[in-house]
Amino acid sequence: MADGTPHPTGSGASGRPWSPATTVVAAGRPPRAPDAPVNPPLVLSSTFVGAGEPGPGARTYARSSNASWEPLEEVLATLEGTGEDGGALAFASGMAAVSAVLALVPLGGRVVAPRSAYNTSVELLEQLDADGRARVTFVDVADTAEVEGALAGGADLLWLESPTNPLLEVADLPACAAAGRGAGAVVAVDGTFATPLVQQPLALGADVVVHSVTKLLSGHSDVLLGAVATSDAALLQRLSTHRRVHGAIPGPFEAWLALRGLRTLALRVERTGATAAELARRLERHPAVGRVRHPSLPSDPGHERARAQMRGAGSVLSLELVGDEDGALAAGLVERLGLWTPATSLGGVESLVERRRRHANEPPTTPLGLLRLSCGLEDVEDLWADLEQALDGGA
């Protein structure tokens with residue numbers, strides 16, 4: 001997958017498969033006709049005209065379907081390679097999408113999940129376990145043997161993140177997915193950090209992919225949105241029903257904004273990924289930095305796996321400072337930064353930095369002094385100059 005071969009994502013009049021960079025721009029457009037709009041319109045209506053019994057696919061009420069979601073869903077489904085039987089669904093937030101997938105687990109069912117992952121996903125899993133809703137076994141997803149061992153007794157859901165948030169661990173997705181399916185589990189992968197331009201979990205054996213569209217996909221720090229994609233028609237129907245009956249739907253304007261942001265995804269992924277890799281190389285050589293995590297680095301434990309199953313290494317990296325066991329040095333560094341914005345979230349055009357353990361619900365597997373950096377579109381030399389002065393100021 002690392003050879004740059006075009007995804008089977010669509011084709012034009014030539015019949016040649018479109019590359020992902022073309023798909024994010026060309027898919028999800030209205031039919032070409034004289035005087036037709038180039039962009040899909042924003043539909044602001046809570047209900048639709050109808051008479052008699054509605055047939056399959058008929059619009060009735062905006063909680064069930066909305067024309068403003070569908071172009072975004074079309075692009076995501078095409079990028080993820082869901083095929084004709086599958087598709088993508090937009091949700092009100094990333095956690096709404098996560099919740100919909102976890103709702104696939106039967107009462108008292110068993111889930112195998114990362115012990116180090118997005119904090120709210122871990123928090124929800126812990127709540128489900130504490131309430132007796134599910135039995136959750138937490139594992140190190142970078143340790144394939146541990147994942148396989150946890151699945152040995154059978155499971156209903158294998159929840160994966162790769163790369164993980166914020167430790168940038170890389171799971172062996174084909175091996176883990178095979179083990180999950182062998183144990184009878186639905187295999188779900190949170191692909192937020194990678195995006196479908198960097199990694200396609202469905203092609204690596206997963207059943208469901210989850211995204212926080214809030215992050216890189218929309219890319220401008222102005223939308224809360226989530227999505228799921230699957231090639232399985234039955235799973236798609238269950239997830240769609242969950243969205244409808246639980247009301248976890250996106251607003252039409254948010255979906256429209258997300259699609260507009262998605263159009264530049266290929267350019268943003270290329271630029272921010274290159275910036276992250278360059279900064280990771282420089283940070284690894286700085287005497288004040290004790291550890292840098294980014295799969296682009298040959299020294300990173302996930303480097304070879306990332307080369308095998310990803311197209312790049314993503315725009316997020318993390319670091320720890322020398323002697324910063326309590327996080328005080330990291331907090332001081334954040335205060336000295338002028339260009340990097342101290343804020344949570346990631347994937348926007350602006351570069352963000354955050355000490356993750358400032359959040360009470362951050363898993364204890366995250367070191368107290370770990371800083372997560374989300375690289376934006378600023379010039380790499382300006383970003384480095386800001387980091388370097390902050391690092392040198394703490395010397």
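Structure: see above.
No experiment lies behind these values; they were computed from the predicted model shown. Starting from 1, residues in each chain are numbered consecutively following that chain's sequence as written. Thresholds applied to this predicted model are a pLDDT of at least 70 for local features of residues and 80 or more for the giving and counting of side-chain atom pairs; totals over whole chains, interfaces and linings are not thresholded and use all residues. With hydrogens and water set aside, each side-chain value is computed from the structure's full complement of heavy atoms.

1. Side note on the overall build of the chain
Inference 1: Think of it this way: any DSSP run of H or I at least four residues long counts as a helix, any run of E at least two long counts as a strand, and we number them from the N terminus. If you tally the helices and strands in the chain, you get 12 helices and 12 strands.
Inference 2: Its C-alpha radius of gyration of 21 Å places the chain within 12% of the 21 Å reference for a compact globule of 395 residues.
Inference 3: Over its C-alpha atoms, taken along the principal directions, the chain stretches across nearly 75 × 55 × 40 Å.
Inference 4: Within the span of the chain, comprising 395 residues, buried residues form 53% of the whole.
Inference 5: Within the chain, contacts between residues separated by at least 24 positions form 70% of all contacts whose residues are at least 6 apart in sequence.
Inference 6: When the accessible surface of the chain is split by element, carbon and sulfur atoms take 54% of a total near 16400 Å².
Inference 7: In this tally Asp and Glu are treated as negative and Lys and Arg as positive; neither His nor the chain ends contributes. We put the charge of a Lys on NZ, of an Arg on CZ, of an Asp on CG and of a Glu on CD. Here the chain holds 32 positive side-chain charges and 46 negative ones, and the gap between their average locations is 3 Å. Each radius of gyration reported is based on C-alpha atoms, and the globular scaling rule is 2.2 Å times the count of residues to the power 0.38. Here's how the labels work: a residue is buried when its accessible area is under 20% of the maximum for its type, exposed when over 50%, partly exposed in between, all with a 1.4 Å probe on protein chains only. Residues count as neighbours in contact if any of their non-hydrogen atoms are within 4.5 Å of one another. Values of accessible area rely on a 1.4 Å probe in the Shrake-Rupley scheme; residue burial ignores everything except the protein chains shown.

2. Details of a negative patch on the surface
Inference 1: There is a patch of like negative charges on the surface, built from E123, E126, D129 and D131.
Inference 2: Tracing the chain through its elements places D131 in the loop between α4 (119–130) and β3 (134–139).
Inference 3: Residue classification places D131 among the exposed residues on the basis of a relative accessible area of 66%. The residues that make up patches have over 30% relative accessible area and no salt bridge, and they are joined within 9 Å when like-charged or within 5 Å when they are Val, Leu, Ile, Met, Phe, Trp or Tyr. Definition used for salt bridges: Asp or Glu carboxyl oxygen within 4 Å of a side-chain nitrogen of Lys or Arg.

3. What to know about the sheet that holds strand β12 (residues 371–374)
Inference 1: Pairing between two strands requires that DSSP report at least two bridges joining them. Taken together, the five strands give an open sheet; going across it, the order is β8-β9-β12-β11-β10, and neighbouring strands pair in mixed fashion. Of all strands in the sheet, those with a lone pairing partner are β8 (289–293) and β10 (341–342), marking the two edges.
Inference 2: Sheet analysis places strand β11 (residues 352–355) next to β12, joined by four bridges and oriented antiparallel. Along β12, the bridge assignment pairs R355 with L371.
Inference 3: Angular values range over 0 to 180 degrees, each being the angle between N-to-C directions of two axes fitted as lines to C-alpha atoms, with helices fitted over their stretch in contact. Contacts from helix α9 (residues 265–285) reach β8 and β9 (316–321) within the one sheet, and its direction differs from that of β9 by about 15 degrees.

4. Examining the sheet that holds strand β1 (residues 87–91)
Inference 1: Pairing is mixed in the open sheet, where seven strands are placed in the order β1-β7-β6-β5-β4-β2-β3. Only two strands of the sheet have a single neighbouring strand rather than two, namely β1 and β3. In this sheet, adjacent strand axes meet at a mean angle of 20 degrees when their direction is disregarded.
Inference 2: Summarising the sheet, strand β5 (residues 186–190) and strand β6 (residues 208–212) pair through three bridges and their orientation is parallel. Directly across from V189, in β6, lies its bridge partner V209.
Inference 3: Against the sheet, α4 touches β2 (109–114), β3 and β4 (157–161), its axis set at about 135 degrees to β3.

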